[in-house]
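Below are the chains, spelled out letter by letter.
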Amino acid sequence: MTLKKVGILTGGGDCSGLNAVIRAVTRAAAIGHNAAVVGIEGGFDGLVFNRTTELTVKSTRDILTLGGTILGTTNKGNPFEYRELKADGSISVTDRSDETVANFRKLGLDCLFVVGGEGTLEIGYKLHKKGVPTIGIPKTIDNDLDKTDYTFGYQTAVQVACDALDRLQTTGKSHQRVMILEVMGRNAGWISMESGISGGAHIILIPEIPFNIDKVVEKIQFREKGGSPFSIIMVAEGAKEEGGEQITLSSASTRLQGVPQLGGVGQYLADQIKKRIDLEVRCTVLGHIQRGGSPCAFDRVLGTRLGSYAVQAAAEGRFGTMVALKTPDMVLVPLEELAGKVRTVPVDSQLIQCAEAIGISMGR
Ligand code: F6P
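Because the structure is predicted, anything quoted here is derived from the model rather than measured. (Residues numbered from 1 in each chain as written. Predicted model: local features only at pLDDT ≥ 70, side-chain atom pairs only at ≥ 80, totals over all residues. Heavy atoms only, no water.)

### A look at the overall build of the protein
The condition that has to hold: Counting from the N terminus, the helices are the DSSP runs of H or I reaching at least four residues and the strands are the DSSP runs of E reaching at least two. For this measure, only C-alpha atoms enter the radius of gyration; the expected value for a globule follows 2.2 Å times N^0.38, where N is the number of residues. Exposure classes here rest on a 1.4 Å probe applied to the protein chains alone. A residue is buried below 20% of its type maximum, exposed above 50%, and partly exposed in between. Note on contacts: a residue pair qualifies if any of its non-hydrogen atoms lie within 4.5 Å across the two residues. Here the Shrake-Rupley method, with its probe set to 1.4 Å, supplies the accessible areas, and only the displayed protein chains count as covering residues. We treat Lys and Arg as the positive residues and Asp and Glu as the negative residues; His and chain ends play no part in the count. Here the site of a charge means atom NZ of a Lys, CZ of an Arg, CG of an Asp or CD of a Glu.
Looking only at helices and strands, the protein has ten helices and 15 strands in total. Taken over C-alpha atoms, the radius of gyration comes to 22 Å for the protein, in line with the 21 Å a tight globule of 364 residues would show. Projected onto its principal axes, the C-alpha positions of the protein cover 70 × 50 × 35 Å. When burial is assessed residue by residue, the protein has 54% of its 364 residues classed as buried. Taking contacts inside the protein between residues at least 6 apart in sequence as the whole, the part at least 24 apart equals 72%. Here the protein has roughly 15200 Å² of accessible surface; of this, 49% comes from carbon and sulfur atoms. Between the averaged position of the 40 positive side-chain charges in the protein and that of its 40 negative side-chain charges there is a distance of 4 Å.

Now the structure itself:
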């Protein structure tokens, strides 16, 4: 089909590589199809409140290396369950999807490119079922989306966490301390696993394998007895103790986003270790540093390939799909197949086997 005018929005938490995707979509649509490109601002909120901007080859010229998203984003704006804080402090939830679809139609767009993680793509699929020709583009530092080898943003986050570990290694060794690094990833341990392995962590704790404090302490003491009274622990924010719960900073019911904010397991771990052994323990929480800044080369290439392939898919009328990496190719996956699926680290994976084979403790 001939593409005349297409729209793109970025939803959910930001990550490195979003602008590489926006640039690739804009260039592929403009150069390959002479199509106009409309940037929808602030995620789906841009459709609810009619906030858009024109995107051109010129206006996207310098954004390949830029972190964040020039369109803005929110992880609170689900048009099907629009959450608003009322004056009395309560949260109201309304369905604004009809307005969203009507506003999409008014823009006269042939296609909506929805760049996001699981939640955003699920909204994209629901809009598709309401008649919006949607194509999804997979994003998240958590790498927890099914049906794609990698999401863009992930490799950059791993590199940032790996760099942080390199630094903790030298200070930890100098002071003979136990250094804990808490990283993001929600319910998936990918960031923790791969940055832990690449940064030489001695203990890696992930949500998929509840940890046993005694086993963690055993590993630290084993190293101490072997002449290394310092240890590096990588812990995912979603990791939990055997028989325990994930630790949260705020609950779903108090957040406009409607999901709990994970965090605090690193300090919990530090406190538990200190109760058991006489070593200095320090915790660093890496937080949103993993999401900001310039994308690594892998994410620039992946974002560019996903964006350009998404335009090709739109021109072929393949709506209701997500573009995905199935190494070495780009493929299309029905959005329907993603619904409600989160890809966690398989407990019997070679990645975990590799970690344990080289002596990394998984806290079990
Ligand atoms: O999904 C990406 C992510 O960074 C998670 O790893 C993390 O749990 C969450 O978003 C943090 O969200 P927020 O920026 O709303 O605190």
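From this point on, the discussion continues.
### A word on the sheet that holds strand β13 (residues 281-285)
Definition in use: Strands are labelled as partners when DSSP assigns at least two bridges between them. Here the axes come from fitting lines to C-alpha atoms, over the contacting stretch only for helices, and the angles between their N-to-C directions go from 0 to 180 degrees.
One open sheet accounts for four strands, arranged β9-β10-β8-β13; its pairing is parallel. The sheet is open, and its two edges are formed by β9 (203-205) and β13, each paired on a single side. With strand direction ignored, the average angle separating the axes of adjacent strands in the sheet is 15°. As defined by bridge partners, β9 adjoins strand β10 (residues 231-236) across three bridges and the pair is classed as parallel. In the sheet register, Leu205 faces β10, and the bridge partner there is Val235.

### Focus on the sheet that holds strand β7 (residues 134-138)
If you trace the seven strands from one edge of the open sheet to the other, you get β3-β2-β1-β6-β7-β14-β15, paired in mixed fashion. Two strands bound the open sheet, and with one partner strand each, they are β3 (52-55) and β15 (329-334). Between one strand and the next, the sheet's axes are offset by a mean angle of 30°, whatever the strand orientation. Sheet contacts for helix α1 (residues 18-33): β1 (5-10), β2 (36-40), β3, β6 (111-116) and β7; angle to β1, the most-contacted strand, approximately 175°. Against the sheet, helix α4 (residues 118-129) makes contact with β6, β7 and β14 (321-326), and its axis sits at roughly 160° relative to β6, the strand it touches most.

### Focus on helix α7 (residues 213-225)
The condition that has to hold: Given a helix with a known number of residues, its expected span is that number minus one, times 1.5 Å. In this description, the arc belongs to the directions extending from the helix axis to the C-beta atoms. In protein, a polar contact requires one atom able to donate a hydrogen and another able to accept it; more generally it is a pair of N or O atoms within 3.5 Å, and residues adjacent in sequence count only if both atoms are side-chain atoms.
If you check α7, its first and last C-alpha atoms are 18 Å apart, about what 13 residues at 1.5 Å a residue would give, namely 18 Å. All of the buried residues along α7 are Ile213, Val216, Val217, Lys219, Ile220 and Arg223. An end-on view of α7 places all buried positions within 155° of arc, on one side of the element. Exposed and oriented more than 90 degrees from the buried face of α7 are Phe222 and Lys225. On its buried face, α7 sits against β8 (178-183), β9, β10 and α8 (265-276). Capping of α7 at its N-terminal end is provided by Asn212; its side-chain oxygen lies 2.8 Å from the backbone amide nitrogen of Asp214.

### Observations regarding empty space enclosed by the protein
Here is the rule: Every definition here rests on a 1 Å grid over the protein atoms only: cavities are sets of points where a 1.4 Å probe fits but cannot get out, pockets are open sets enclosed by protein on both sides within 12 Å along at least five of seven lines, and lining residues have some atom within 4 Å of a point. Grid points are joined across faces, edges and corners, and a volume is the space filled by probe spheres set on the points. Ten residues, namely Ala, Val, Leu, Ile, Met, Phe, Trp, Tyr, Cys and Pro, are considered nonpolar, four, namely Asp, Glu, Lys and Arg, are considered charged, and the remaining ones, Gly among them, are considered polar.
Enumeration according to the criterion identifies one cavity of 30 Å³ or more in this entry. Roughly 50 Å³ of internal volume is contained in the largest cavity. Around the largest cavity, the lining residues are Glu118, Leu121, Glu122, Tyr125, Leu335, Leu338, Ala339 and Gly340. Partitioning the lining of the largest cavity into residue classes produces five nonpolar, one polar and two charged.

### Details of the side chain of Ser16
With respect to the secondary-structure elements, Ser16 resides in the loop between β1 and α1. Take Ser16: its relative accessible area is 1%, and that puts it in the buried class. For Ser16, the side chain forms a polar contact with the main-chain oxygen of Gly293, separated by 2.8 Å. With sequence-adjacent residues up to four places away left out, Ser16 is seen in contact with Phe152, Gly153, Thr156, Arg291, Gly292, Gly293, Ser294, Pro295 and Asp299.

### As for the pattern of salt bridges
Short version of the rule: The working definition used for a salt bridge is a side-chain nitrogen of Lys or Arg within 4 Å of a carboxyl oxygen of Asp or Glu.
The tally for this structure, following the rule as stated, stands at ten salt bridges. Lys130 is the partner of Asp98 in a salt bridge, and the nearest nitrogen-oxygen pair spans 2.9 Å. Residue Asp98 is located in helix α3 (residues 97-106), and its partner Lys130 is located in the loop between α4 and β7; the two are separated by 32 residues in the primary sequence. A cluster of three or more residues bridged by salt bridges with shared partners is formed by Arg177, Glu280 and Arg282.

### Notes on the domain arrangement of the protein
Our working rule: Domain start and stop positions are those given by an automatic or database domain assignment. Simply put, the buried area is the total loss of 1.4 Å probe accessible area from both parts when two parts are fitted together.
Here the protein is described as being made up of domain 1 (5-152 + 295-327) and domain 2 (155-292 + 346-357). For domain 1 versus domain 2, the distance between C-alpha centres works out to 32 Å. If you look at the interface, domain 1 gives 19 residues, while domain 2 gives 20 residues. Interface area for domain 1 against domain 2, summed over the two sides, is near 1600 Å², with a carbon-plus-sulfur share of 55%. If you sort the residues of domain 1 by the area they bury against domain 2, Arg83, Ile141 and Asp142 come out on top, with a joint share of 34%. Where domain 1 touches domain 2, the interface holds one salt bridge. A salt bridge links Arg291 to Asp14; the shortest N-O distance between them is 2.9 Å. Going through the elements one at a time, β4 (82-85) and α9 (297-315) are the ones with two or more residues in the side of domain 1 that touches domain 2.

### Quick look at the environment of Gly200
Turning to its location among the elements, Gly200 is positioned in the loop between α6 (190-198) and β9. Judged by relative accessible area, Gly200 falls into the partly exposed class, the value being 33%. With 199 residues separating them along the chain, Gly200 and Met1 place their C-alpha atoms 51 Å apart.

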